[in-house]
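# Reading the structure
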Amino acid sequence: TRRLGKLIVATDEAERAKIEAIHRQGITNGVEDLALIDGAAARRLEPALACVAALHSPQTGIVDSHGLMLALQGEIEDGGGMIAFNTPVDRVTREAGRLVVHAAGDTFPADIVINAAGLGAQAVARSIEPMPADLIPPLVLAKGHYFGFVGRPVFSRLIYPAPVDGGLGVHVTLDLSGRMRFGPDVEWIDREDYAVGPSRAGAFDAAIRRYWPTLPAGCLVPDYAGIRPKLTGPGQPAADFMIQTLAEHGVPGAVNLFGIESPGLTAALAIADRVAAMVA
């Protein structure tokens, strides 16, 4: 991990109101060391930046996500747990008062089944035979593309624009090796597709120049894409993720996690603590 800090920037007065609202919400949520600063103060931190104001979060950092997953896998296996990768769940039935997971031609009786399947959470929920279908929310796919930067990074902190409909806007990300990337945008899709076409570079260029007007021409290259399993679509108010237990769906032993998108990584351990407390 590395604590870099983050600036959420406003490039005009309308966006200033957005970052002020984020500041108020952060303070309400108990986030420490958040500070609203003017454009001149932001440029002293990041000289290449163009903005009228910014929200500075010095405690924000980056993490090796693959290393984190390996560490969690190791803890599970050290505790006697097993992980079966690439094993689709066919169905979940209730037999003799327990849930039974049917997968890969075998059966696995369980007192508790936690459905944290991300993009597949709705499909897994539908496979739980006692699960009420009307309580399974729709799955909305929001694809986000990333473009890499060819050259040395010009920012030392994460730079986020004011949020946009469906996402956080095309922001600056830095990885532990020092590479600088931009993304994600938001493309509403109806099937999984992870291709990143160079034709989107123009829209990225325009979005980035709002806060980095001296972006060199021709320096963006397609990198990768991800898909967020949202619960609401374009033009709808953003919905938070959803955790369903017996109280919501009436199926003993089953827990459904819907809409666990990007914050599902940064909040993974907190979500786990919450679910563990709910099923204890």
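Cut-offs used in this document
- Residues numbered from 1 in each chain as written.
- Predicted model: local features only at pLDDT ≥ 70, side-chain atom pairs only at ≥ 80, totals over all residues.
- Heavy atoms only, no water.
- Pairing = 2+ DSSP bridges.
- Helix = DSSP H or I, 4+ residues; strand = E, 2+ residues; numbered from the N terminus.
- Axes fitted to C-alpha atoms, helices over the stretch in contact; angles between N-to-C directions.
- Polar contact = N/O pair within 3.5 Å; in protein donor to acceptor, adjacent residues only side chain to side chain.
- Contact = heavy atoms within 4.5 Å.
- Core = buried A, V, L, I, M, F, W, Y, C linked by side-chain atoms within 4.5 Å.
- Buried < 20%, exposed > 50% of the residue type's maximum accessible area, 1.4 Å probe, protein only.
- Phe/Tyr/Trp six-rings, centres within 6.5 Å; stacked < 30°, edge-to-face > 60°.
- Lys NZ or Arg CZ within 6 Å of the ring centre and 35° of its normal.
- Salt bridge = Lys/Arg side-chain N within 4 Å of Asp/Glu carboxyl O.
- Patch = residues over 30% accessible without salt bridge, like charges linked within 9 Å, V, L, I, M, F, W, Y side chains within 5 Å.
- Areas by Shrake-Rupley, 256 points an atom, 1.4 Å probe, with all protein chains shown as cover.

## Concerning the sheet that holds strand S16 (residues 242–244)
With respect to topology, 3 strands assemble into an open sheet ordered S9-S17-S16, the strand pairing being mixed. Of all strands in the sheet, those bounded by a partner on one side alone are strand S9 (113–115) and S16. Direction aside, neighbouring strands of the sheet carry axes that sit 10° apart on average. Where S9 and strand S17 (residues 254–258) come together, 3 bridges link them in parallel fashion. Among the inter-strand pairings, Val113 is bridged to a residue of S17, identified as Ala254.

## A look at the side chain of His171
Within the secondary structure, His171 sits in strand S12 (residues 171–174). A polar contact of 3.0 Å, which involves the side chain of His171, links it to the backbone oxygen of Gly169. Here His171 is in contact with Ile159, Tyr160, Pro161, Arg181, Phe182, Gly183, Pro184 and Tyr211, once residues within four sequence places are set aside.

## What about the nonpolar core?
Ranked by size, the top nonpolar core spans 38 residues in total, and within it Leu49, Phe182, Ile208, Tyr211 and Trp212 carry the most contacts. Broken down by element, the residue count for this core peaks at 4 residues, all from strand S2 (residues 6–10). Those residues in contact with Phe182 that lie beyond four places of it in its chain are His145, Tyr146, Phe147, Phe149, Val170, His171, Val172, Phe204, Ile208, Tyr211, Trp212 and Leu220. One finds Val101, Val113, Ile128 and Ile136 within the second-largest nonpolar core, a separate group that totals 15 residues.

## A word on the packing of aromatic side chains
Taken as a whole, this structure holds 6 aromatic pairs when the rule is applied. Both rings, one in Phe147 and one in Phe204, keep their centres 4.7 Å apart while their planes meet at 50°; by these two values the pair is tilted. Placement of Phe147 in strand S10 (residues 140–149) and of Phe204 in helix H5 (residues 201–209) is noted, with a sequence separation of 57 residues between them. Residue classification places Phe204 among the buried residues on the basis of a relative accessible area of 1%. Three or more aromatic residues joined by ring pairs make a cluster, and in this case those are Phe149, Phe155, Phe182 and Trp212. Across from the ring centre of Tyr160, 4.4 Å away, lies the NZ or CZ of Lys6, which sits over that ring.

## Brief notes about the pattern of salt bridges
For the structure shown, the criterion picks out 15 salt bridges. Across the salt bridge formed by Arg210 and Glu15, the nearest N and O atoms sit 3.1 Å from each other. A residue pair is termed long-range when its members are at least 10 positions apart, and Arg210 in the loop between H5 and strand S15 (220–230) and Glu15 in helix H1 (residues 13–28) qualify at 195 residues. When the shortest N-O distance is used, the salt bridge between Arg200 and Glu187 registers 3.6 Å. Within this pair, whereas Arg200 is found in the loop between strand S14 (187–189) and H5, its partner Glu187 is found in strand S14, the two being separated by 13 residues in sequence. One salt-bridge network, in which partners are shared between bridges, spans Asp175, Arg179, Arg181 and Asp223.

## A word on a nonpolar patch on the surface
A surface patch of nonpolar side chains, about 270 Å² in accessible area, is lined by Ile76, Ile83 and Phe85. Here Ile76 lies in helix H3 (residues 65–78).

## Observations regarding the sheet that holds strand S6 (residues 89–95)
Reading across the sheet, the 3 strands line up as S6-S7-S8 and stay open at both edges, with antiparallel pairing between neighbours. Looking along the sheet, the strands with just one partner apiece sit at the ends: S6 and strand S8 (106–110). Taken over all neighbouring pairs, the strand axes of this sheet differ in orientation by 25° on average, direction set aside. Summarising the sheet, S6 and strand S7 (residues 98–103) pair through 6 bridges and their orientation is antiparallel. Residue pairing for S7: Arg91 is matched across the bridge by His102.

## Quick look at unusual backbone geometry
In this chain, Gly183 is followed by Pro184 through a cis amide linkage whose omega measures -5°. Within the element layout of this structure, Pro184 appears in the loop between strand S13 (180–183) and S14. Positive phi, close to 50°, is recorded for Asn86, a residue that is not glycine. With respect to the helices and strands, Asn86 occurs in the loop between H3 and S6.

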